[in-house]
Amino acid sequence: MIAAPEGFRQRGMAMLAGMSPANFAMVMSTGIVSVALELLGHQTPARFLFRLNILLYVLLWMLYLLRPVFSPGTFRADLSDHARGPGYLTAIAATCILGTQFVLFDQAFAIALGLLGLGLLLWMVILPGLFVALAVRSEKPKLAQGINGTWLVAVVGTQAVATLTCTLSGQAPSPDVLSQEVAFLFSLCLFCVGGMLYMLLMPLIVCRLLFSPVAPADLQPSYWINAGAAAISTLAGALLATRAGESHLLSSVLPFVKGATVFFWATASSWLPLLFILGFWRHFIRRHPFEYSPHYWGLVFPMGMYTACTVRLSQTLGLDFLMAVPRGFLFAAITAWLLTFVGMIRRTGSLLMRAQRKK
């Protein structure tokens with residue numbers, strides 16, 4: 001076996017060490033934009049993004065599994081970092097959103113069930129592990145340094161598991177594998193847990209924005225998950241309401257589910273104009289440069305999720321006039337995805353060229 005040059009190996013380890021824990025947001029965003037395209041009848045680009053998402057998911061897992069092996073120090077440091085640690089939660093949502101794509105595009109229920117199992121395992125390990133690691137840390141940052149929009153990926157991951165569980169209920173390869181009523185109960189409980197997490201985390205984020213100094217660099221695109229977390233909660237609630245006719249449990253709580261779903265949709269809708277204004281202030285008034293970072297996928301995700309959840313809400317409540325909203329918003333979601341993807345390619349190419357010059 002030919003050993004890799006020492007310089008190449010060092011640069012590879014440096015790149016692994018510098019990886020953002022939130023890179024799986026790329027899969028989250030690509031997946032939900034693909035779903036939104038499919039729901040609105042654009043099948044060809046939707047399927048293209050689905051196939052691309054499979055490739056991105058596999059590549060990211062390869063890199064993430066190498067990271068604790070070749071850079072264990074930074075891996076552990078990120079896990080106990082208040083600002084970066086919540087980025088690991090993106091792996092949960094990415095796994096379950098990809099599972100939803102497998103159901104929607106290929107009716108591949110066995111693969112989706114496997115992804116649900118992996119997503120649930122990640123949810124049970126990463127979420128409590130992160131909270132414990134941060135809780136027992138002796139030195140903790142002030143709220144302004146420790147909290148950001150990425151924390152709401154805890155909500156996104158929880159609702160993504162709820163959504164895929166509800167989607168697969170009654171459609172698993174064998175009824176013995178996934179009992180429909182148990183699955184509905186589990187999905188409903190996760191929907192409530194996700195709502196509880198949103199109610200706990202949102203006041204902290206608003207407090208940080210309103211009562212601590214905010215510089216342009218502080219307003220990372222991850223704050224768009226303020227809307228994205230509410231939007232995926234809307235999607236989870238709409239799916240539960242749609243399946244209420246198949247479950248005594250869901251039919252008995254249907255008014256609550258519908259009310260909570262409308263509440264989350266209204267919350268997501270109210271955040272969007274505020275986030276657009278803050279983004280305008282950041283980039284056009286304070287002249288903060290547009291430079292690619294994985295946090296920009298946190299901007300793409302809410303646009304795609306708001307599009308998809310509004311379609312589902314319109315169908316669930318029979319509000320046909322709402323369909324004008326996702327049809328218009330889809331353009332913004334696709335534009336944001338294209339700009340972010342091109343930015344990622346350019347950034348990766350720049351890093352590779354820089355490494356080539358140093359050989």
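Below or above, wherever it landed, is the structure these notes cover. Since this is a predicted model, take the numbers as computed values, not measurements.

## Details of empty space enclosed by the protein
Here is step 1 of the chain: Applying the stated criterion across every chain, the model contains one cavity of 30 Å³ or more.
Here is step 2 of the chain: Within this model, the largest cavity holds a volume of roughly 90 Å³.
Here is step 3 of the chain: Around the largest cavity sit 13 residues that line it, and Ala22, Ala25, Thr90, Ile225 and Gly298 are the ones nearest its centre.
Here is step 4 of the chain: It is helix 13 (residues 297–317) that provides the largest number of residues to the lining of the largest cavity, a total of three residues.
Here is step 5 of the chain: When its residues are assigned to classes, the lining of the largest cavity shows eight nonpolar, five polar and no charged.

## What about the pattern of salt bridges?
Here is step 1 of the chain: On inspection of all chains with the given rule, the structure shows six salt bridges.
Here is step 2 of the chain: Residue arginine 84 pairs with aspartate 78 through a salt bridge whose shortest N-O separation is 2.8 Å.
Here is step 3 of the chain: Given the relative accessible area of 33%, arginine 84 is considered partly exposed.
Here is step 4 of the chain: For aspartate 218, the salt bridge identified is with arginine 208, shortest N-O distance 3.6 Å. On the criterion of sequence distance, the pair formed by aspartate 218 in the loop between helix 9 (180–211) and helix 10 (225–242) and arginine 208 in helix 9 is long-range, its members being ten residues apart.
Here is step 5 of the chain: For aspartate 218, a relative accessible area of 30% corresponds to the partly exposed category.
Here is step 6 of the chain: Look at arginine 208 and you get buried, because its relative accessible area is 4%.

## Focus on the layout of surface pockets
Here is step 1 of the chain: When its volume is computed, the second largest pocket comes out at roughly 360 Å³.
Here is step 2 of the chain: Residue assignment for the lining of the second largest pocket shows that the elements contributing at least two residues are helix 2 (25–39), helix 5 (90–106), helix 8 (153–168), helix 10 and helix 13.
Here is step 3 of the chain: Of the residues contributing to the lining of the second largest pocket, the split by class is 15 nonpolar, seven polar and two charged.

## Some remarks on unusual backbone geometry
Here is step 1 of the chain: Of note, glutamine 107 is a non-glycine position whose phi angle comes to about 50°, a positive value.
Here is step 2 of the chain: Of note, glutamine 107 is situated in the loop between helix 5 and helix 6 (109–135).
Here is step 3 of the chain: The class of glutamine 107 is partly exposed, set by a relative accessible area of 48%.

## A word on the environment of valine 182
Here is step 1 of the chain: Positionally, valine 182 belongs in helix 9.
Here is step 2 of the chain: For valine 182, a relative accessible area of 54% gives the class exposed.
Here is step 3 of the chain: For the pair valine 182 and valine 193, spaced eleven residues apart in sequence, the C-alpha to C-alpha distance is 16 Å.

## Digging into helix 2
Here is step 1 of the chain: Given a rise of 1.5 Å per residue, 15 residues ought to cover 21 Å, and the 21 Å separating the end C-alpha atoms of helix 2 matches this to within 8%.
Here is step 2 of the chain: Burial analysis of helix 2 places 15 of its 15 residues in the buried class, which makes it a mostly covered element.
Here is step 3 of the chain: Once helix 2 ends, the next one or two residues include glycine 41, with phi positive near 90°.

Conventions adopted
Residues numbered from 1 in each chain as written. Predicted model: local features only at pLDDT ≥ 70, side-chain atom pairs only at ≥ 80, totals over all residues. Heavy atoms only, no water. 1 Å grid on protein atoms, 1.4 Å probe; cavity = no way out; pocket = protein on both sides within 12 Å on 5 of 7 lines; lining within 4 Å. Points joined across faces, edges and corners; volume = space filled by probe spheres on them. Helix = DSSP H or I, 4+ residues; strand = E, 2+ residues; numbered from the N terminus. Nonpolar A, V, L, I, M, F, W, Y, C, P; charged D, E, K, R; others polar. Salt bridge = Lys/Arg side-chain N within 4 Å of Asp/Glu carboxyl O. Buried < 20%, exposed > 50% of the residue type's maximum accessible area, 1.4 Å probe, protein only. Expected span 1.5 Å × (residues − 1).

Geometric values such as these leave the question of function open.
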